[in-house]
Amino acid sequence: MEIRPILLSMKRNKFLSMVISLQVMMTLTVLSIAVSITAATLSQWNMPSGIDHDNIISVRTQFFDPQVNLENAIVDDINRLKKIAGVINVAPNKEIPFDAGRPSRVYLEADEEAAGHHTNFFEMDTNGPKVLGLTLVAGRFYRENEVLRSHDDDKTSVSVVMLSEDMAKELFGEKSPIGQTLYLSKSSEPAQIIGVYSNFMNGESLNGRGKSYHSVIKPQVTWSSGNNPNYLISVDEGTGPSSFNAIKAALYKTPGRYIYGVELLKRTQKRMYDGRGSSGAILLVVSLILVLIAGFGMAGLVSFLITQRQKQIGIRRALGGTKWSVVRYFILENSILTVFGILAGLALTFTMALIMAQESGQSFLQMDLVLYCSLFIWAVNTFAVWLPARRAARVSPAIVTRGL
Amino acid sequence: MISYNLQLALRSLKQRVQLTILMVLAISIGIGLLITVQTMAYQNEKMPLAHKADSIYFIQADNRDLGADPIVRQPRMIYLTHRDAKNLMAGDTPATAHTTVWKTDIILNSLDQNIRPVQSRTAVTNHSFFSMFDVPFLYGSAWDKESDNNGAPVIVLTKESNELLFGGENSVGKQVRVNELSVTVVGVLNDWDLGRRFYDESYSTARHDMAFISDTFAINNSIMRNERLNCLPQDSAKRGFYRTNDVQGLINSECSFVRLWAQIDSTSKAADYEGYLEQYILTQKDLGRFPREMNNYVTSLYTMVTLANELRGGRNPLKYIAPLFFFVCLLNAIGLLLAKFMRKSNEVSLRRALGASKGTLMGQYLLEVMIIGFMGGILGCVFAYLGLQGMMRVNVYQSDYSVTVDSLRHAFAMDWIMIGKAFCIAIGSTIVVGLYPIWRIINIAPASQLKSQ
C-alpha cells in the first residue's frame, strides 16, 4: 500500500513529523491527566438528594448568653416559627442534610474488636421526618413519648433509632433490621431499631467515601449553652426566600443568640458540591482549549505540507489516483504520526501520574478514560487533516504539466 | 541595519498574517495559563512578615505518648500545653518577647441590642503580639502588660469589626460584649497587610481575625477553645469537655493547644533558646512529664513558612498541567514557524545568491521570532490577568460568597516581577524553539530554489 512512500516522506520531513508526534504526546498527557482528575473530582457529584431541598429552610443559630433558658427558648422558637406565613412544619435538629459533620461510628456488637460502621446521627423530634418528607420503608416512625428531651450533659441515650435504607443494607444486608439492636457508641446501652426510612444525602465527608445516604435518626432534642439549636423548616412551594426575614425576626425575639444563617437546603447542596464542580470545570475548559490549539496547529501544518506537495499530488492525480486516495494518504500519514505520539504520550502520562500520585498520596489515573482520550485526540487530528486534505484533493491533475 | 531588519521582519509577519496570529495566540494562551498558575503559587507562597522572618521563632516540644508516630512533618507537630507555654514565657529566657496564640469564635454584641450580633474569628494572645508582628493601629493601641496579668476585660477590634459594630468611628473606650461579657475597646487595627494568617498556622488568605482578646481574660471566663486538643491518653476522653467547659481541667491536663512564638534577635541567641528549652523539658521530665525522647523545635518563621509551603504546595493539578500545556503551545508555534519559513525558501536563496551573509539573515529572522515572542508576552499578560480574575471569581463562588473579592484580591494580583517573568519566558522560549527553523532556512544553498521557477 502507501505505507512505504509515507514512511519515506516522513524521513524527509523528520523535524515536522517529530513536532507533530511530540505535540500529540503532550496533548494526550495533559488531556488524560485533566480528564482523570476531573472524573475523580466529580465522582459522587450532584447525587439525588432524596428530599425536597427547594422547599426546606435550614436555620443555624447559637445562644451565647448562658442565662437563657434553652428548653423554653426552643419551645418559643418553634411556636413563633410556625406562625410565619408559608411555614408548614418545624423540627429542631443538630446536623443539616448536605452539611453533616464528621462521621460517627455505630456498632453491631459491644466488644473491643467490633468493627464500626460510619454514619451521621440526625437528632430530631417527631416532626423531623415530616419536614424532610421521608417515607417509611419498613417498621414504624418513632412516637412522641419516645423522644428524649434533655440537656446535652445528660448522658442518657435514646432507646430506639431509625436507619436509612442504605445504612440498614450495610448493617444487615437483606435481613430485616426491625427489632435488632445497635450500639451508638461502645460504652452505651444498645438502641432498638424500629424503622427504616428512605435515603437522603448526609454530607460531603461521607459522600466522599461513597456512603452518601448512611444515616441514623435519634429521636432526641438536646440543648446546651454555646451549642447550636438548629431548625429545619418545611415551607409552601416557592415561599422560601421571602420568609427569611420573618424567620430571623422571630428568632431574634429571644435575646442572647446569634444566627449564623438562614438558607434553603438548595443552597447548602450547592455549597457541598461547588468546590469540586468548579475545579472540575476549570480543568475541562483548559483541556478543551488545549485540544483546540493542538487541532488548529495540526491543520496549519498539514496545509503547509500540502502546498509543499502540490506537485506530488498532481502527479498522483494525473496517474489516475482518485480524490479519496489523496485524502486517504494524508489521513494515513497523520494517523501513523498520531499513533507514535500516543504511544509516547502513554509513557509520559504514566510517569507524570506516578510523580503526582507520590506527592498527593493517591492515584487517580483511569485507564478507560486514557483510552478514550487517545481515541478523541486521533479523531480531532484526523478531522484537522481532513479539512485541508480535501482541498488538496481538488488539485487539478494538469498542475503537473506546468513548469516542466 | 536593525531598522532595515525590523522592516523586513514586520513585512514578513504581515505576509500570511493568519499564521502569525495563530503563533502569537498559541504562545500567549500558553503563557497566560502558566503565569496564572505561577502567580497564584507565588502569591500563595510569599513570606509573611518577611523583614522579621529570621527573628520570630516558633517553639514546639514533643509531649506525646511513647507509642506516637515518629515526626515526619514538623509543621504538623503538636503545640504546647498552656502551662508549658506560661512557664517558658516566665523563665529567664534568651528571647526578647513571647506571645501565645490560640483561636476562638466569639459573638460580638451590644447589651442594648441596637446592632445584630456579629460572629467573630478571634485570636487569643497577649500584648506582645502586636509589637512582635508589627500590627498597625488606626485608633488606640494594644492592651498593656498589666491587663495581661490581671485579665482585664479589654478587646482589640479590626477595622472590619469596628465598621460593623461602631460604623467605623473611633470606638476606643466604648463597651462591647464578648458573648455575655462586657469588655472595653482599647484599640482598632488599621488595614493589616498580612498576606497570609501565619500566626495561627492557618495560612488563610481571605478570612482575617476580627478581634483579639487576652489569654488571661479568655481563660478566666472560659471562652471556647476553637482548637484541636492533642492530649496524652489519660486526658483524651475529656477533650470535648475541655474545649468548651472545663477550662481549669484543661490547664492542668496534658493537652496541647497553645502556639508559642518568641522574638529572638540573633541566631546565636536561638541556639541559647534551644538550650533553655531543653533545660526546661529536663526539669519537667524529672516531674514525670514528657514521656518521649527529647524532640524540641525552635524554628524560625522563615523555615516554618517554607515547610508549610512544601506541605501545601502539591495540591493543584494545574501546577503540573500548565507547563505541559505551554510546551504543547510552543510545539505548535515551532511547527507553524517552520512552515512559514520554508515557504520563504525562494526569497532566502535569492538573497543568499545576492550576497546576504548567514549572519545577516539570522539576525533578521531572530528579530522576527523575538517580535512574535514579545507580542505573545503582551497578550499572555492580558490572558494571565483575565485568568487570575476568573480564578478569583471562582474562588469567591467556591466559598459560597463568604469571602469578598476585596479580601482575596491580594492573592490574585500580578506584580512587575510576574509580568517580567512572562516576557522572559515568552521571548526566551520562542527564541529557543525558533533556532531550528532559523538554522534550517539560513542553510539553504544560494540560488538553489531559483532553478525550478
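Residues numbered from 1 in each chain as written. Chains lettered and ligands numbered in written order. Predicted model: local features only at pLDDT ≥ 70, side-chain atom pairs only at ≥ 80, totals over all residues. Heavy atoms only, no water.

Moving on to the overall build of chain A. If you tally the helices and strands in chain A, you get 11 helices and 12 strands. In terms of C-alpha radius of gyration, chain A reaches 32 Å, well past the compact-globule figure of 22 Å for 404 residues. Projected onto its principal axes, the C-alpha positions of chain A cover 105 × 50 × 35 Å. At a minimum sequence separation of 6, the contacts of chain A that also span at least 24 residues come to 80%. Carbon and sulfur atoms form 58% of the exposed surface of chain A, whose accessible area is close to 18300 Å². Placing the 40 positive and 33 negative side-chain charges of chain A at their respective mean positions leaves the two points 20 Å apart. (Helix = DSSP H or I, 4+ residues; strand = E, 2+ residues; numbered from the N terminus. Rg over C-alpha atoms; globule rule 2.2 N^0.38 Å. Contact = heavy atoms within 4.5 Å. Areas by Shrake-Rupley, 256 points an atom, 1.4 Å probe, with all protein chains shown as cover. Lys, Arg positive; Asp, Glu negative; His and termini not counted. Charge placed at Lys NZ, Arg CZ, Asp CG, Glu CD.)

Residues and elements named next belong to chain B. Positive phi is not limited to glycine here, since Y203 has a value of about 50 degrees. Tracing the backbone shows Y203 in the loop between β8 (181-189) and β9 (211-214). Phi is positive for D400, which is not a glycine, with a value near 55 degrees. Within the secondary structure layout, D400 lies in the loop between α15 (358-398) and α16 (405-408). Exposure remark for D400: the relative accessible area of 5% places this residue in the buried category. (Buried < 20%, exposed > 50% of the residue type's maximum accessible area, 1.4 Å probe, protein only.)

Attention now goes to the domain arrangement of chain A. For chain A, the assigned domains read domain 1 (3-45 + 273-400) and domain 2 (91-235). When each unit is reduced to the centre of its C-alpha atoms, the spacing between domain 1 of chain A and domain 2 of chain A is 53 Å. (Domains from an automatic or database assignment.)

All names here are of chain B. Parsing chain B into structural domains produces domain 1 (2-47 + 316-451) and domain 2 (103-226). A separation of 50 Å is found between the C-alpha centroids of domain 1 and domain 2. When domain 1 packs against domain 2, the two sides together hide about 600 Å² of surface, and 48% of this comes from carbon and sulfur. Interface area lost by domain 1 to domain 2 is led by N44, V403 and H410, which between them contribute 52%. (Buried area = accessible area lost by both parts, 1.4 Å probe.)

Two descriptors summarise a pair of aromatic rings, namely the distance from one centre to the other and the angle between the planes of the rings. Applying the stated criterion to the full structure yields 29 aromatic pairs over all chains. Aromatic side chains Y329 of chain A and F330 of chain A sit 5.5 Å apart centroid to centroid with 90 degrees between the ring planes, which places their arrangement in the edge-to-face category. With relative accessibility at 3%, the residue Y329 of chain A sits in the buried group. One aromatic cluster is present, formed by F58, Y79, F129, F130, F133, F137, W143, W192, F198, Y199, F212 and W261 of chain B through successive ring pairs. A cation over a ring is seen here: K270 of chain A above Y397 of chain B, with NZ or CZ 4.2 Å from the ring centre. Between R390 of chain A and the ring centre of W386 of chain A, over which it is positioned, the NZ or CZ distance is 4.8 Å. (Phe/Tyr/Trp six-rings, centres within 6.5 Å; stacked < 30°, edge-to-face > 60°. Lys NZ or Arg CZ within 6 Å of the ring centre and 35° of its normal.)

With 48 residues of chain A in contact, the opposing surface of chain B contributes 42 residues. Between chain A and chain B, the buried area comes to about 4100 Å², and carbon and sulfur atoms account for 73% of it. A salt bridge links D400 of chain B to K270 of chain A; the nearest nitrogen and oxygen atoms lie 3.0 Å apart. On inspection of chain A and its partner chain B, the count reaches six residue pairs in polar contact (both at pLDDT 80 or more). Residues of the side of chain A that touches chain B, tallied by class, amount to 28 nonpolar, 12 polar and eight charged. (Salt bridge = Lys/Arg side-chain N within 4 Å of Asp/Glu carboxyl O. Polar contact = N/O pair within 3.5 Å; in protein donor to acceptor, adjacent residues only side chain to side chain. Nonpolar A, V, L, I, M, F, W, Y, C, P; charged D, E, K, R; others polar.)

This part covers the nonpolar core. Membership of the largest hydrophobic core comes to 107 residues, with the highest contact counts inside it found for F330 of chain A together with F412 of chain B. For this core, the leading source of residues is helix α13 (residues 318-343) of chain B, giving 19 residues. Aside from chain neighbours lying at most four places away, what touches F330 of chain A is I306, R309, I313, V385, A389 and A392 of chain A. Counting residues in each nonpolar core, the second largest holds 50 residues, with I84, L134, I233 and F244 of chain A among its members. (Core = buried A, V, L, I, M, F, W, Y, C linked by side-chain atoms within 4.5 Å.)

In this section: the environment of I2 of chain B. Of note, I2 of chain B is situated in helix α1 (residues 2-14). With 337 residues separating them in the primary sequence, I2 of chain B and A339 of chain B have C-alpha atoms 25 Å apart.

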